[in-house]
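Close look at the chain arrangement
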Amino acid sequence: MLPFSAPDQALAPIRRICCVGAGYVGGPTCTVIALNCPSIIVTIVDVNPDRIAAWNSPPDEEGNLSNLPVYEPGLAEVVKQCRGRNLFFSTDIDAAIEQADLVFVSVNTPTKKSGMGAGFAADLHYVEASTRRIAAVSTSSKIIVEKSTVPCRTAASMRTILESNSRPGLRFDILSNPEFLAEGTAISDLQNPDRVLIGSLDTSAGRIAAARLASVYEHWVPQYRIYTTGLWSSELSKLAANALLAQRISSVNAMAAICEATGADVNEVAHACGLDARIGPKFLRASVGFGGSCFQKDILNLVYLSESLNLPQVAEYWKQVITMNEWSKTRFSNKVVSTLFNTITEKRIAVLGFAFKKNTGDTRESAAITLCRNFRQERAKVVIYDPKVPQSQIYLDLTEPGVVDDREAVRQQVTIACSALEACAGAEAVVIATEWDEFKHLDWRKAYQIMSKPAFVFDGRGIVDAKALRAIGFKVHSVGKGPEIVDPIWS
Ligand code: UDX
Ligand code: ADP
């Protein structure tokens with residue numbers, strides 16, 4: 001991998017960018033490009049007219065863009081600054097592709113639900129459809145950039161589709177430029193990336209295309225943070241980075257189970273380990289389990305790749321990260337049931353948080369979905385509160401095929417509260433599923449007063465001050481912390 005160095009020859013500047021896919025990745029990424037590159041016209045397009053309408057929604061009475069389809073701290077302000085200047089959201093996909101010098105393909109690549117590789121392989125039909133569209137409508141040569149996370153060697157399929165379906169004489173240079181932003185911190189991650197990775201073919205045309213894309217990022221990213229690699233390394237690096245991050249969480253969650261059984265404190269263990277410069281402190285927060293659109297999908301993808309390459313031991317190794325994550329979620333919900341005297345039937349359980357992490361409204365693969373399903377199967381009455389996830393999304397997630405077979409039962413057993421305290425009223429137990437700051441600062445005294453007694457708190461994110469809550473009267477279980485054992489030898 002090389003730090004980027006610009007070729008000697010003058011590069012044709014990028015004047016127009018089209019981003020196909022106005023989702024959690026394409027929307028914020030290209031908005032930040034528009035912010036930092038006022039000389040470039042950026043058009044973000046999508047097949048979903050509702051999504052585009054939401055990106056174009058007018059400010060509310062206070063002048064805020066509160067109806068954007070993606071919630072990210074700082075995003076609305078950037079959209080407000082750039083929209084209509086050099087940033088446009090449109091459903092006219094063909095026109096935006098046609099006019100662009102560079103096209104980001106930023107469409108969804110979910111795990112396949114049926115057919116070959118079902119449950120593991122990435123569903124590439126959105127990538128293929130957008131590639132075919134690019135081939136069909138292009139009247140000039142372009143750089144095509146894979147932004148979506150794709151399996152290794154997808155660029156080769158894109159090249160074949162483009163070359164077989166486009167007008168004669170056009171050339172398409174394909175680059176891989178994976179996005180490493182994390183939701184909830186997308187704007188700061190994009191403004192100050194640890195690295196920008198650009199994969200290209202090792203040919204003079206490939207290097208020039210990479211340099212032209214690098215020139216876009218150089219508007220705000222220092223050159224030493226821009227790295228060039230081969231195409232396949234770049235594609236695989238995204239899967240590898242996510243697998244390594246998820247593996248740390250599963251490792252610390254495995255430690256959490258040992259801590260709970262021994263009376264050790266997982267925060268202290270993680271802190272002690274993280275002080276070793278070789279390990280580092282990040283991504284060692286024990287939790288009820290990781291969620292989000294990437295970790296599980298990318299590891300499954302890696303498992304599929306390993307199996308296809310006849311590397312069953314490698315596949316098994318990575319699969320274990322997912323197995324541990326599933327077990328962490330089940331272990332946590334079992335703890336709730338066993339602590340509440342082995343039954344939660346008809347008991348009111350307040351679930352605080354439904355997003356897969358704080359500062360996002362995204363619920364994809366959220367641990368809360370599994371917890372709520374498990375509580376419902378135990379016939380509890382579940383009351384959910386999340387500050388950013390709309391009611392309709394919660395019901396959609398809880399009635400997905402595979403999560404539930406009886407939609408009506410969900411409506412009867414699950415209600416949505418407008419505040420955390422409303423959710424707590426009359427509840428036997430509070431389960432913290434997402435680490436939203438407002439749960440840390442909740443008026444826990446008030447919550448205690450309005451709950452049934454004994455009042456339990458199950459902290460799946462380790463965010464509340466368990467001692468302070470116990471002083472109020474709560475019975476508290478925090479992930480990765482054993483009960484406060486009073487050892488007769490020491491007391
Ligand atoms: C991840 C990668 O971090 C990012 O680089 C990539 O581009 C996309 O996938 P994201 O899924 O948005 O980003 O969020 P992330 O902060 O990684 O959190 C993923 C999940 O892990 C969340 O559910 C989070 O709560 C959980 N997590 C994270 C832990 O349980 N413990 C930790 O220490 C860190
Ligand atoms: P991600 O988290 O990867 O950004 P999202 O699902 O949030 O995934 O966004 C992907 C977007 O891509 C969706 O809004 C979807 O409508 C859009 N999309 C999928 N296929 C196409 C296509 N062929 N042309 C344009 N947009 C597409």
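Not measured: the values here are computed from a predicted model. (Residues numbered from 1 in each chain as written. Chains lettered and ligands numbered in written order. Predicted model: local features only at pLDDT ≥ 70, side-chain atom pairs only at ≥ 80, totals over all residues. Heavy atoms only, no water.)

**Observations concerning the site of ligand 1**
Not every one of the 20 residues close to ligand 1 is listed here, only the nearest: Phe 180, Leu 181, Glu 183, Ser 287 and Arg 461. For ligand 1, an oxygen atom lies 2.7 Å from a polar atom in the backbone of Glu 183. Interatomic distance of 2.7 Å between a side-chain N/O atom of Ser 287 and an oxygen atom of ligand 1. Protein contacts shield 94% of the accessible area of ligand 1, which totals 660 Å² for the unbound molecule. (Near = heavy atom within 4 Å. Polar contact = N/O pair within 3.5 Å; in protein donor to acceptor, adjacent residues only side chain to side chain. Areas by Shrake-Rupley, 256 points an atom, 1.4 Å probe, with all protein chains shown as cover.)

**What about the sheet that holds strand S15 (residues 475-478)?**
Reading across from one edge, S12-S11-S10-S13-S14-S15 is the order of the 6 strands in this open sheet, with parallel pairing throughout. The open sheet has two free edges, formed respectively by strand S12 (414-416) and S15, since each of these has just one partner strand. On average, each strand axis in the sheet is tilted by 20° relative to the strand beside it, whichever way the strands run. Here helix H12 (residues 312-339) sits on the sheet in contact with strand S13 (429-432), strand S14 (456-459) and S15, set at roughly 165° to S14. (Pairing = 2+ DSSP bridges. Helix = DSSP H or I, 4+ residues; strand = E, 2+ residues; numbered from the N terminus. Axes fitted to C-alpha atoms, helices over the stretch in contact; angles between N-to-C directions. Contact = heavy atoms within 4.5 Å.)

**Overview of the site of ligand 2**
Near ligand 2 there are 16 residues, and of these Tyr 24, Val 25, Asp 46, Arg 51 and Arg 364 occur at the shortest range. A distance of 2.6 Å is found between an oxygen atom of ligand 2 and a side-chain nitrogen or oxygen belonging to Asp 46. For ligand 2, an oxygen atom lies 3.0 Å from a polar atom in the side chain of Arg 364. For ligand 2, the protein covers 87% of the area, taking 580 Å² as the surface of the free molecule. Looking at the shell around ligand 2 residue by residue, the class counts come to 7 nonpolar, 6 polar and 3 charged. (Nonpolar A, V, L, I, M, F, W, Y, C, P; charged D, E, K, R; others polar.)

**Details of the domain arrangement of the protein**
According to the domain assignment, the protein contains domain 1 (16-221) and domain 2 (294-478). For domain 1 and domain 2, the distance between their C-alpha centroids amounts to 33 Å. The largest contributions to the domain 1 side of the interface with domain 2 come from Tyr 71, Phe 120 and Glu 183, which together make up 43% of the buried area. Taken together, domain 1 and domain 2 are joined by 1 salt bridge. The shortest N-O distance in the salt bridge between Arg 364 and Glu 183 comes to 3.5 Å. Seen at the junction of domain 1 and domain 2, the total is 5 residue pairs in polar contact (both at pLDDT 80 or more). Across the side of domain 1 that touches domain 2, the residue classes break down as 11 nonpolar, 6 polar and 3 charged. (Domains from an automatic or database assignment. Buried area = accessible area lost by both parts, 1.4 Å probe. Salt bridge = Lys/Arg side-chain N within 4 Å of Asp/Glu carboxyl O.)

**Description of the nonpolar core**
It is characteristic of soluble globular proteins that their nonpolar side chains tend to be buried jointly. Among the nonpolar cores identified, the biggest contains 57 residues, and Phe 375, Ile 384, Trp 444 and Phe 474 are the most heavily contacted of them. If you tally residues by element for this core, the top one is helix H13 (residues 367-377), at 6 residues. Setting aside its immediate chain neighbours within four residues, Ile 384 contacts Val 351, Phe 354, Cys 372, Ile 394, Leu 398, Val 414, Thr 415, Ile 416 and Ala 417. Counting 46 residues, the second-largest nonpolar core is a separate cluster that includes Ile 14, Leu 75, Ile 198 and Leu 213. (Core = buried A, V, L, I, M, F, W, Y, C linked by side-chain atoms within 4.5 Å. Buried < 20%, exposed > 50% of the residue type's maximum accessible area, 1.4 Å probe, protein only.)

**Topic: the packing of aromatic side chains**
Two measures describe an aromatic ring pair: the distance that separates the ring centres and the angle between the ring planes. Using the criterion set out here, one finds 10 aromatic pairs in the structure. Note on Phe 283 and Phe 295: the rings are 6.3 Å apart at their centroids and 65° apart in plane angle, and the pair reads as edge-to-face. With a gap of 12 residues between them, Phe 283 in the loop between helix H10 (266-274) and helix H11 (295-308) and Phe 295 in helix H11 connect regions that are remote in the sequence. Residue Phe 283 is classed as partly exposed on the basis of its relative accessible area, which comes to 37%. On the numbers, 6.1 Å between centres and 15° between planes, the contact of Phe 456 with Phe 458 is stacked. Here Phe 456 and Phe 458 have matching classes, each one buried. Grouping aromatic residues by their ring pairs yields a cluster made of Phe 283, Phe 290 and Phe 295. Over the aromatic face of Trp 232 sits the side chain of Arg 153, whose NZ or CZ is 4.3 Å from the ring centroid. (Phe/Tyr/Trp six-rings, centres within 6.5 Å; stacked < 30°, edge-to-face > 60°. Lys NZ or Arg CZ within 6 Å of the ring centre and 35° of its normal.)

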